[in-house]
Amino acid sequence: MTTERTAVRAPATAAPDRWRALLAAHPLTVDLIFYLGCTVYAVVLALTNEFYGFRIWGTCAAFGYGFATAHTGWLMLAKRPRGLLGSRWVGLAGIGVLSMLLPLTVLVIRRLTGTDWLDTPFSWSAQPEVWVIERSARLLLDHGTPYVDIEALTRAPEVNDYTPYGPVMAVFGLPRALFGGSPVADALTDARLMFVLTACVCAWLTVRLSRTSRVPVRAAQFAMACPLTALTWAVAGPDLAIVGLMLVAAALAARDRPMASGVVLALVISAKLIVAPAAVVLAVLVFARLGRGALARFLATTVAACAVLNIPVLLVNPRAFVEHVIRFPAGLGQVTSPAASPLPGYLIASTGPAGKVAAFVLLAGAAAAILVWLLRRPPVTGSDALWRVAVGLGAFTLLTPATRFGYLVYPCVLLGAMVCFRRAEAGARPTSS
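Owing to the predicted nature of the structure, the values given are computational and were not obtained by experimental measurement.

As a further point, take unusual backbone geometry. Positive phi, normally seen in glycine, also occurs at Trp117, with a value near 70°. Counting through the fold element by element, Trp117 comes out in the loop between α4 (89-110) and α5 (128-143). The phi torsion at Asp256 lies on the positive side, around 60°, for a residue other than glycine. With respect to the secondary-structure elements, Asp256 resides in the loop between α11 (238-254) and α12 (258-269). Take Asp256: its relative accessible area is 34%, and that puts it in the partly exposed class.

Looking now at the packing of helix α3 (residues 52-77) against α4. Between α3 and α4, the least distance of the axes is 8 Å, while the angle of their chain directions is 165°. Taken together, the axes of α3 and α4 lie roughly antiparallel to each other. In this structure, the crossing between α3 and α4 has a hand that is right-handed. Seen from α3, the contacting residues are Tyr52, Gly53, Ile56, Trp57, Cys60, Ala61, Phe63, Gly64, Tyr65, Phe67, Ala68 and His71; seen from α4, they are Val90, Gly91, Gly94, Ile95, Leu98, Ser99, Leu102, Pro103, Val106, Leu107 and Arg110. For the contact of α3 with α4, a count of residues per class yields 16 nonpolar, six polar and one charged.

Ala320, Phe321, Glu323, His324 and Val325 are the residues of helix α15 (residues 318-327) that are buried. Those residues of α15 hidden inside the fold are in contact with α14 (292-316).

A word on the side chain of Thr163. Tracing the backbone shows Thr163 in the loop between α5 and α6 (174-179). Side-chain polar atoms of Thr163 contact the side chain of Arg135, separated by 3.3 Å. When sequence neighbours within four positions are dropped, the list of residues in contact with Thr163 reads Val132, Arg135, Ser136, Pro146, Tyr147 and His324.

Residues with a pLDDT of 70 or more make up 92% of the protein chain, whose mean pLDDT is 89. Predicted confidence for residues 1-13 stays below pLDDT 50, and this span has zero contacts to residues more than four positions away or in other chains.

Scanning all chains against the criterion turns up 13 salt bridges. Salt-bridge contacts for Glu134 lead to Arg111; the nearest nitrogen and oxygen are separated by 2.6 Å. A residue pair is termed long-range when its members are at least 10 positions apart, and Glu134 in helix α5 and Arg111 in the loop between α4 and α5 qualify at 23 residues. The exposure class assigned to Arg111 is buried, which follows from its relative accessible area of 6%. Note that Asp190 is salt-bridged to Arg192, the shortest N-O span being 3.0 Å. Overlapping salt bridges bring together Arg111, Asp116, Glu134, Arg176, Asp186, Asp190 and Arg192 as one network.

The rules behind each value
Residues numbered from 1 in each chain as written. Predicted model: local features only at pLDDT ≥ 70, side-chain atom pairs only at ≥ 80, totals over all residues. Heavy atoms only, no water. Helix = DSSP H or I, 4+ residues; strand = E, 2+ residues; numbered from the N terminus. Buried < 20%, exposed > 50% of the residue type's maximum accessible area, 1.4 Å probe, protein only. Axes fitted to C-alpha atoms, helices over the stretch in contact; angles between N-to-C directions. Parallel < 35°, antiparallel > 145°, perpendicular 65-115°, else oblique. Left-handed = near helix turned anticlockwise from the far one by under 90°. Contact = heavy atoms within 4.5 Å. Nonpolar A, V, L, I, M, F, W, Y, C, P; charged D, E, K, R; others polar. Polar contact = N/O pair within 3.5 Å; in protein donor to acceptor, adjacent residues only side chain to side chain. pLDDT = per-residue confidence, 0-100. Salt bridge = Lys/Arg side-chain N within 4 Å of Asp/Glu carboxyl O.

If you want it as structure tokens, here you go:
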């Protein structure tokens, strides 16, 4: 009986192994296809997108991805190139400079011309979330809450009156609120720079905590070179800071530091509520590794930290807190959320009332399936946990009726981190295994 089961299961596991072996055998071919696809995406965005920031990014990014494509082609044609130019990291460095740093610098400087808050997307040097978060910091300093009181407005509310984030997100706007006012100060305190700094520090901490000897090129392509990451880096940024903090929380949980993980996770949840399902995965990871006592400490720390971060703001204006943080993202606010990227959930829901029901049924079904998978095969390593979080957030982004294409940056970065964790975990296993 055992032999028969093994014979049946072998083909199912052989197929992924064959794919992995094929990709590992031809890394430069995979690199070339990836960079070519990124180049095409950047060119199309530069020529067709309505947002000024997106077009600037696409123009700069096309050169970065084109450089990486050309360098990869040279590596394929050259015979065993040596030295610095023979490294696959050269292409990634070109992307970092031309597709990330250059457009961010251009857009931060261009923003000083003052096109925020205008109803002209073709002139925006930063996406609305940047100025909304900076405004929330000023409101927090002046009124003790980062949220506009929609009921107190003397006009009809509009979408940019809303701040659909938790109170912690306002921290990224504090440097501009405290020190801005001159062109140089405004440029240096642009919230995007705070997001980028946070993301970089979190990436460094995650690598240190994972104890990997070196970051794999494929991990960097997923997490950094992917157009979703590079575009978000230049025009917005909050999602990169949040996913960076999420990686630190996962790394701490995988290193058996549940209370520290709970504190960082509370920061994540208190900045962006939609990523709260990651807490379930990390809770199961802590339980699988350390047992009930550690799980209790993890949950108690997370809940206590969330209370400390949210309750003071909630008490200042409970109605505004609920309207901004809960009702608006759920599509129940006085203004409808503009999140409407043409992903499967939105397309299904847009067919009518039956479509909306079907979309929510699919979303609930996906959540149930992931929960069953999580409980039947609980994660015991950091890479296991990141894989499950990536699948969960990816399914949420694809199937929720009101979503943004940019949220796919979460699974991209998480998959890159998973590759990094997996290498470190493989190196830590005993040789006999």
